[in-house]
Amino acid sequence: MTDNVWMRWPSREALSRVGVHKARRMFAWVTRAIVLTMLVATTLTNSELSGWILAAGVTGIAVCGLLARGLWRTTLEHRLLPSLALLALLLAVAAAGYGAGFRIPSLVLLCGCAVAAIERLPLAAALPATAVALSAYAVLDNDVWLTTAATTVGLALAGYVLRLDAEARASAQRLLAQERAARVAEAESAALAERARIAREIHDVLAHSLSAQLVHLEAARLLIERGADREIILERVVAARGMAREGLSETRQALSALRGEMSPLEDFLGELFTTADCAGVTVTGERQPLPAEASQAVRRVAQEALTNVRKHAPGARIHIRLDYGEHEVTLDVRDSGGKPGELSGSGAGYGLLGMRERAELLGGSLDAGPGEEGFVVTLKVPV
């Protein structure tokens, strides 16, 4: 539906005092007080009027103040008919006051009605109301016609300028409110993203640690069922305990990483594969610091790949290659293959799936599948 500019009210922000500077509000109140004082003084010092007429004049000024207050409220609430009725009453009071001898207060009231109408009403109603008020002013004013014409044109322009100024102020207030709302939404989104990131890191650490422990505990169970030696079973239990300790250590590392306190990625990979039969860690490309999430993704994929080798191809030799490209970093973990271990059927198989989801969240990819000899896991993350 097309917006009709002639029937559109000034916004509530424009009609209210929202966003008006305190000094400007004070100036407006002082101006009103001065005008009111001058009107009352002019009325009381008019020697041509009798006492009861003077009292009626002062009462009329008070009534006009109440009517003006009502007009301010009805226009703020966008109620057209009550606003026009109050404006008509003010014009009638002005005409009656002029007939009773209150010339200056009546002319000031006519000017005020003209400015208020064009400032606070829809243009379709404001222009006729302003025309009536200014026409009455031109008829009742006894100045030369050029002065009267300049005054009426100036009053019309003043009302329209006040209308534009109020709309500009209202637009600024709406933009400010939208900006504040956007900042609040951005802060909430950042907080939720950070919580999700922390939850993902802790989940990955615990999943890797618990999966590694499960490998050893499941092996211990199988050994017990087969009646293996106590020392062999104890070795598996001790290994599981070591994995638990490693899990706690990795949790601390993950929390440190979230605070930006990470060891170099090459050092981490070297330490990670010291316990495995690793053929070596090869680093190519120009080394560069990685974003925290990209670095964490490489670390978690390397840990998951090592766990899978221990589970599915125990004793296989592992080769790791880390390549720093211009726009992405690539981690390639491959093993030499071997006879499937006794624990190859354990686990739910969600480790690599979770790593793939992590990579996709960063705009990267993860491929895992059989290679020439064993199994190959390749992670690519943009940097």
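Within each chain, residue numbers correspond to sequence positions counted from 1 in written order. Given that the model is predicted, a residue must reach a pLDDT of at least 70 before its local features are reported, and side-chain atom pairs must reach 80 or more before they are shown or counted; all residues, however, enter totals for whole chains, interfaces and linings. The side-chain quantities take in all heavy atoms of the structure and omit both hydrogens and water.

1. Overview of the confidence of the model for the protein chain
Cut-off, in case you're wondering: pLDDT: the predictor's confidence for each residue, scored from 0 to 100. Whether two residues touch is decided by their heavy atoms; if any such pair falls within 4.5 Å, the residues are in contact.
In this model, the protein chain carries a mean pLDDT of 79, and residues with pLDDT of at least 70 account for 81%. Taken as a whole, residues 342–350 scores under 50 in pLDDT and shows 13 contacts with residues more than four places along the chain or in a different chain.

2. A look at the nonpolar core
Here is the rule: To form a nonpolar core, buried Ala, Val, Leu, Ile, Met, Phe, Trp, Tyr and Cys residues must be joined to one another through side-chain atoms within 4.5 Å. Each residue gets one of three labels from its accessible area relative to the maximum for its type: buried under 20%, exposed over 50%, partly exposed in between, using a 1.4 Å probe on protein chains only. Each helix is a run of H or I in the DSSP string that is no shorter than four residues. Each strand is a run of E no shorter than two, and both are numbered from the N terminus.
Judged by nonpolar contacts, the single largest core of 29 residues is most densely connected at Leu322, Leu331, Leu366 and Leu379. Ranked by the residues each element gives to this core, the list is headed by helix H10 (residues 292–312), at 8 residues. Sequence-distant contacts of leucine 379, that is, excluding residues within four places in its chain, are made with Ala297, Val298, Val301, Val329, Thr330, Leu331, Ala359, Ser365 and Leu366. Membership of the second largest hydrophobic core comes to 25 residues, among which are Ala94, Leu107, Ala116 and Ala126.

3. Examining the side chain of aspartate 335
The cut-off we apply is this: For this count, His and the chain ends are skipped, Lys and Arg are scored as positive, and Asp and Glu as negative. Any carboxyl oxygen of Asp or Glu within 4 Å of a side-chain nitrogen of Lys or Arg constitutes a salt bridge here.
Note on placement: aspartate 335 falls in strand S3 (residues 328–335). The side chain of aspartate 335 sits in the buried core without any salt bridge; arginine 334 is the nearest counter-charge, 8.9 Å away. Aside from chain neighbours lying at most four places away, what touches aspartate 335 is Val309, Ala316, Arg317, Ile318, Glu373, Gly374 and Phe375.

4. Side note on the packing of helix H4 (residues 80–99) against helix H6 (residues 123–140)
Test applied: For helices, the fitted line uses only the C-alpha atoms of the stretch in contact; every axis is such a line through C-alpha atoms, and the angle between N-to-C directions lies from 0 to 180 degrees. When describing relative orientation, an angle under 35 degrees is termed roughly parallel and one over 145 degrees roughly antiparallel, while 65 to 115 degrees is termed roughly perpendicular and anything else oblique. Each residue gets one of three labels, nonpolar for Ala, Val, Leu, Ile, Met, Phe, Trp, Tyr, Cys and Pro, charged for Asp, Glu, Lys and Arg, and polar for the others, Gly among them.
The geometry of H4 relative to H6 is characterised by a closest axis approach of 12 Å and an angle of 0 degrees between their N-to-C directions. Between H4 and H6, the interaxial angle falls into the category roughly parallel. Mapping the contact onto sequence places Leu80, Leu84, Leu87, Leu91 and Tyr98 in H4 and Ala125, Ala129, Val132, Ala133 and Leu140 in H6. When grouped by side-chain class, the residues that make up the contact of H4 with H6 number 10 nonpolar, no polar and no charged.

5. Some thoughts on the state of the cysteines
For the record, the criterion: Any two cysteine sulfur atoms within 2.5 Å of one another count as a disulfide.
Counting across every chain of the model gives 0 disulfides. Cysteine 64 carries a free sulfur, and the closest cysteine sulfur to it, the one in cysteine 113, is 7.8 Å from it. By relative accessible area, which is 13% here, cysteine 64 ends up buried. Note on cysteine 111: no disulfide assigned, nearest cysteine sulfur contributed by cysteine 113 at a separation of 9.3 Å. Given the relative accessible area of 15%, cysteine 111 is considered buried.

6. Regarding the pattern of salt bridges
Counted according to the given criterion, the structure contains 8 salt bridges. Aspartate 141 serves as the salt-bridge partner of arginine 103, at 3.3 Å between the closest nitrogen and oxygen. With arginine 103 in helix H5 (residues 103–120) and aspartate 141 in the loop between H6 and helix H7 (145–225), the pair connects residues that are 38 residues apart, well separated along the chain. By relative accessible area, which is 28% here, arginine 103 ends up partly exposed. Here the salt bridges do not stand alone but share partners, grouping Arg73, Glu77 and Arg79 into one network.

7. Remarks on the packing of H4 against H5
Put simply, the rule reads: Should the near helix be turned anticlockwise from the far one by less than a right angle, the crossing is left-handed, and should it be turned clockwise, the crossing is right-handed.
At a minimum axis separation of 8 Å, H4 and H5 run at an interaxial angle of 160 degrees. Comparing the axis directions of H4 and H5 gives the class roughly antiparallel. Two packed elements cross with a definite hand, and for H4 against H5 that hand is left-handed. Between H4 and H5, the contacting residues are Leu87, Leu90, Leu91, Val93, Ala94, Gly97 and Tyr98 on the first element and Arg103, Ser106, Leu109, Leu110, Cys113 and Ala117 on the second.

8. Here we look at the side chain of threonine 330
Tracing the backbone shows threonine 330 in strand S3. Beyond its immediate sequence surroundings of up to four residues, threonine 330 is in contact with Arg321, Leu322, Asp323, Thr378, Leu379 and Lys380.

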